[in-house]
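What follows is the residue order along each chain.
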There are 2 protein chains.
Amino acid sequence: MSVIYDRVALIGLGLIAGSMSLAMRRRGLAGEVTGYARSAETRDTARRIGLVDRVCDSAAEAVEGADLVVLCVPVGAMEAVAVDIAPHLKTGATLSDVGSTKRAVIDAVGPHVPQGVHFIPAHPLAGTEHSGPESGFAKLFDNRWCLLVPEGGVDDAAMANLRLLWEGMGAHVDQMEPDHHDLVLAVTSHAPHLIAYTMVGVADDLRRVTDSEVIKYSAAGFRDFTRIAASDPTMWRDVFLSNKDATLEILGRFTEELFALQRAIRTGDGDHLFDYFSRTRAIRRGIIEAGQDTDAPDFGRGKQGE
Amino acid sequence: MSVIYDRVALIGLGLIAGSMSLAMRRRGLAGEVTGYARSAETRDTARRIGLVDRVCDSAAEAVEGADLVVLCVPVGAMEAVAVDIAPHLKTGATLSDVGSTKRAVIDAVGPHVPQGVHFIPAHPLAGTEHSGPESGFAKLFDNRWCLLVPEGGVDDAAMANLRLLWEGMGAHVDQMEPDHHDLVLAVTSHAPHLIAYTMVGVADDLRRVTDSEVIKYSAAGFRDFTRIAASDPTMWRDVFLSNKDATLEILGRFTEELFALQRAIRTGDGDHLFDYFSRTRAIRRGIIEAGQDTDAPDFGRGKQGE
């Protein structure tokens, strides 16, 4: 592939930014990638491992002359960064982000975007439970979705270029409305994460089931939850605070259903349980057919069975 | 390894029984493995693929002369099977099972065990979301735990042989008291499964988030839930009905914690969320150190990133 942007600036140098840099480098998609992180330690690490072409000591310096600027910081930090970099953005540049919620990002960043800069929020549906500048890898976005979530009209050429970049980094690209994005993600990601965090917290609290037993015998089920519940605390705090309404709505529905299943257990209503579990099995089949996972028998086995 | 039992009978020919047969064959642990399943279709399939050495058309025939009989049927079906086979068990034989709950199995099967037969309930902590005679594979138990859960005194030699068999099939073996087993498993497996089933059911119900979007964008979090929620409906119905008290207790704790986190989201209490998420992260670290999973960055990626 050829160069899509002469200069790309990544603000924040964690898992996503690092993976973007490595994915762009893999295909030569950017002339130069600059980077900035608030923490001097993160900047030092990024320099040491050569994560981007040039690590800058200020966000302003990093975005100077950049054709694409991507905010890769937690959602709660985006407004401050936007205020900081706004005066330094090049006219004609594209400003994007990788936040997990989009209405909050649009509200926080939108008002600070200068005339002549194309603001196209984005959300790559990819990640691991690891974080920090050393956690990135070039294949993170391969075959994953990246949603572009602009509000209202946006420059066609700017959209086309950003789409090309994400496709070049391995992703499939779709466009979605901001509020709909936040509801879909509340179902597919935000509520499941909160539930996993909760279940792991419950296990941790129990006095009669010692930590070592919970860990030692963490079979199918719980172990998958612990992986989810090991995700970056700052990022997830901001996700829940910035997608409050949709998350609370889904959790309310979840609680209703859970109570119905608890009642079925208490009353011994096996038919209700069987019918419910049969229905959910079909959804899994749909996901496998959609190519978002395989049906290899790895559940409860991690990497050990391979 | 050498032969541990001259004849092993497997009653039920699903994922666990099939994997046991293949794992015993891999190391030559049994002289002959017989098998029986209630469904003629399952028996035909087992014969066709050579899952066991001899498929029998009755449970009585399968257990005739067997040194070890293992009940590999859902917990709710165990009592009927025990009644059926009891008159045909060889004196000195060991009777075991692989059910996910143990108090219920002991109550259901125990009273029917003839004098001179050693009853040692067991629970291999291994599985996949697949079921049926064609889902088994020899490596299923490798590096997984198998818990032996006898109540009261049991013959030392019988225990030693069953332990040897499970170790020969690749598992680590531990002994546990029945009621404690049921509580530990409620935390590490049963409650997480019910929660995953619930979340997938909620997603399925939502009208505004179409099925295709939930499936298409099933990123990190939800996809792991769908895998869990694809597990065998009959088996899991019986798990919840037969471990009612412990499961409901853990779900009660879960709901308390979830409400506290929901309140933190509603009131914008970021510190509470951050502290909670930081605590759960440590548990994951413990599981990796205990060798029950790796920290390879595969979360949300299934097999695709490998």
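The numbers attached to residues start from 1 for each chain and follow its sequence in the written order. For naming, the first written chain is A and the first written ligand is 1, with later ones following in the order written. Local features in this predicted model are restricted to residues whose pLDDT is 70 or higher, and side-chain atom pairs enter the listing and the counts only when it is 80 or higher, whereas totals over whole chains, interfaces and linings include all residues. The side-chain quantities take in all heavy atoms of the structure and omit both hydrogens and water.

A run of DSSP states H or I qualifies as a helix once it reaches four residues; a run of E qualifies as a strand once it reaches two. Both are numbered from the N-terminal end. Secondary structure assignment for chain A yields twelve helices and nine strands. What you see for chain A is a C-alpha radius of gyration of 21 Å, in line with the 19 Å of a compact globule of 306 residues. A principal-axis box enclosing the C-alpha atoms of chain A has dimensions of 65 × 40 × 35 Å. Burial status follows relative accessibility: with a 1.4 Å probe on protein chains alone, a residue under 20% of its type maximum counts as buried, one over 50% as exposed, and anything between as partly exposed. Counting across all 306 residues of chain A, residues that qualify as buried make up 62%. Here a residue-residue contact requires only that any non-hydrogen atoms of the pair lie within 4.5 Å. Long-range contacts, defined here as pairs at least 24 residues apart, represent 74% of the contacts in chain A between residues at least 6 apart. Note that accessible areas follow from Shrake-Rupley with a 1.4 Å probe, and for residues the cover is restricted to the protein chains shown. Carbon and sulfur atoms provide 48% of the accessible area of chain A, an area that totals close to 10,800 Å². Counted charges follow a simple rule, with Lys and Arg positive, Asp and Glu negative, and His plus the chain ends left uncounted. Where a charge lies is defined by one atom per residue type, namely NZ (Lys), CZ (Arg), CG (Asp) and CD (Glu). Treating the 31 positive side-chain charges of chain A as one cloud and the 43 negative ones as another, the clouds have centres 6 Å apart. Based on C-alpha atoms, the radius of gyration is set beside the globule rule, defined as 2.2 Å times the residue count to the power 0.38.

Right, let's get into the confidence of the model for chain A. Residue-level confidence of the predictor, termed pLDDT, takes values from 0 up to 100. Scored by pLDDT, chain A comes out at a mean of 90, with 91% of its residues at no less than 70. Below pLDDT 50 for its whole length, residues 296-306 of chain A participates in 46 contacts with residues either more than four positions away or in separate chains.

Core analysis: the biggest nonpolar cluster contains 70 residues, and Met199, Ile250 and Phe254 of chain A together with Phe240, Ile250 and Phe254 of chain B have the highest contact counts within it. When neighbours within four sequence positions are excluded, Phe254 of chain A is seen to be in contact with Ile195 of chain A together with Ile195, Thr198, Met199, Val202, Phe254 and Leu258 of chain B. Only buried residues count toward a nonpolar core. Its members are Ala, Val, Leu, Ile, Met, Phe, Trp, Tyr and Cys residues joined through side-chain atoms within 4.5 Å.

Once that is clear, we can look at helix H11 (residues 244-267) of chain A. With 24 residues, H11 of chain A extends 34 Å from end C-alpha to end C-alpha; this agrees with the ideal 34 Å at 1.5 Å per step. The positive-phi residue at the C-terminal boundary of H11 of chain A is Gly268 of chain A, with phi of around 70 degrees. Here the expected length of a helix is defined as 1.5 Å per residue gap, with one fewer gap than residues.

Another point: the packing of aromatic side chains. To pair, rings of Phe, Tyr and Trp, with the six-membered ring standing in for Trp, must have centres within 6.5 Å; the planes then decide the type, stacked if under 30 degrees apart, edge-to-face if over 60, and tilted in the middle. The tally for this structure, following the rule as stated, stands at eleven aromatic pairs over all chains. On the basis of an interplanar angle of 85 degrees and a centroid distance of 6.4 Å, the ring pair of Phe259 of chain A and Phe259 of chain B is categorised as edge-to-face. Highlighted residues: Phe259 of chain A in helix H11 and Phe259 of chain B in helix H11 (residues 244-267), drawn from two different chains. Residue Phe259 of chain B is classed as partly exposed on the basis of its relative accessible area, which comes to 37%. Within the aromatic cluster, the residues linked to one another by ring pairs are Tyr197, Trp236 and Phe240 of chain A together with Phe277 of chain B.

So, on to the packing of helix H7 (residues 178-205) of chain A against helix H7 (residues 178-205) of chain B. Only C-alpha atoms enter the line fits that serve as axes; for helices the fit covers just the stretch in contact. Angles between N-to-C directions range over 0 to 180 degrees. Running from N to C, H7 of chain A and H7 of chain B point in directions that differ by 160 degrees, and their axes come no closer than 11 Å. Classified by the angle between their axes, H7 of chain A and H7 of chain B sit roughly antiparallel to one another. In this structure, H7 of chain A meets H7 of chain B at a crossing whose hand is right-handed. Along its contact with H7 of chain A, which presents Val187, Ala191, Pro192, Ile195, Met199 and Ala203 of chain A, the element H7 of chain B presents Val187, Ala191, Pro192, Ile195, Met199 and Ala203 of chain B. Roughly parallel means an angle under 35 degrees; roughly antiparallel, over 145; roughly perpendicular, 65 to 115; everything else is oblique. Crossings are sorted by hand: turned counterclockwise from the far helix by less than a right angle, the near helix makes the crossing left-handed, and turned clockwise it makes it right-handed.

Residue and element names in this part refer to chain A. By convention in these notes, a salt bridge is any Lys or Arg side-chain nitrogen within 4 Å of a carboxyl oxygen on Asp or Glu. Taken as a whole, this structure holds 32 salt bridges over all chains when the rule is applied. Arg103 is the salt-bridge partner of Asp107, the closest N and O atoms lying 3.7 Å from each other. With Asp107 and Arg103 both in helix H5 (residues 103-109) and four residues apart, this pair spans about one turn of that helix. For Arg103, a relative accessible area of 21% gives the class partly exposed. Arg103 is the salt-bridge partner of Glu151, the closest N and O atoms lying 2.7 Å from each other. Within this pair, whereas Glu151 is found in the loop between strand S8 (145-148) and helix H6 (156-168), its partner Arg103 is found in helix H5, the two being separated by 48 residues in sequence. Salt bridges linked by common partners bring Arg43, Asp44, Arg47 and Asp57 together as one network.

Let us now look at the interface of chain B and chain A. Chain B puts 117 residues into the contact, and the matching count from chain A is 117 residues. For the pair chain B and chain A, the number of links is zero salt bridges. Counted as a polar contact is a pair of N or O atoms within 3.5 Å, where, for protein atoms, one must be capable of donating a hydrogen and the other of accepting one, and residues adjacent in sequence contribute only when both atoms are in side chains. Applying the counting rule to chain B against chain A returns twelve residue pairs in polar contact (both at pLDDT 80 or more). Mapped by element, the contributors of at least two residues to the side of chain B that touches chain A are strand S8 (145-148), H7, helix H8 (211-216), helix H9 (222-228), helix H10 (233-242), H11 and helix H12 (270-289) of chain B. Of all the elements, H7 of chain B adds the most residues to the side of chain B that touches chain A, at 21 residues.

All names here are of chain B. Here a strand pair is declared whenever DSSP counts at least two bridges between the two strands. The strand order across the open sheet formed by six strands is S3-S2-S1-S4-S5-S6, and the pairing between neighbours is parallel. The outermost strands of the open sheet, each flanked by one partner alone, are strand S3 (54-55) and strand S6 (118-119). In this sheet, S6 lies alongside strand S5 (residues 94-97) in parallel orientation, the contact comprising two bridges. Within the sheet, the bridge partner assigned to Leu95 lies in S6 and is Phe119. Across the sheet, helix H6 (residues 156-168) is in contact with strand S1 (5-11), strand S4 (68-71), S5 and S6; its angle to S1 comes to roughly 75 degrees.

So, about the relation of the copies chain B and chain A. Overlay of chain B on chain A (RMSD 0.0 Å): rotation 180 degrees, translation along the axis 0.0 Å. Considering both components of the superposition, the chain copies are consistent with a two-fold axis. When C-alpha distances to the rotation axis are compared across chain B, the minimum falls at Asp224 of chain B, with a value of 3.4 Å. Most of the interface of chain B is mirrored in chain A: 100% of its interface residues are interface residues there too. The superposition of copies rests on a least-squares fit of C-alpha positions from residues with pLDDT of 70 or more in both.

Turning our attention to the side chain of Ser19 of chain A. Residues and elements named next belong to chain A. In this structure, Ser19 sits in helix H1 (residues 15-27). At 3.0 Å, the side chain of Ser19 and the backbone nitrogen of Phe137 are in polar contact. Setting aside anything within four residues of it in sequence, one finds Ser19 in contact with Gly136, Phe137, Ala138, Leu140 and Phe141.

Residue and element names in this part refer to chain A. What the six strands build is an open sheet, ordered S3-S2-S1-S4-S5-S6; its pairing is parallel. Single-partner strands in this sheet number two, and they are strand S3 (54-55) and strand S6 (118-120). As paired strands, strand S2 (residues 30-36) and S3 are joined by two bridges and run parallel to one another. The residue of S3 that forms the bridge with Gly35 is Val55.

Take the pairing of S8 of chain B next. For a regular strand, the rule is simple: side chains alternate between the two faces of the sheet. Residue and element names in this part refer to chain B. Of the two faces of S8, the one holding Trp145 and Leu147 and the one holding Cys146 and Leu148 are both buried throughout. One ladder, built from four bridges, connects S8 with strand S9 (residues 172-175); its direction is parallel. Looking at the pairing, Leu148 lines up with Gln175 of S9. When the strands point away from the viewer and the connection leading from the first strand across the helix to the second strand turns clockwise, the crossover is called right-handed. Following the chain from S8 across H6 to the adjacent parallel S9, one finds a crossover that is right-handed.

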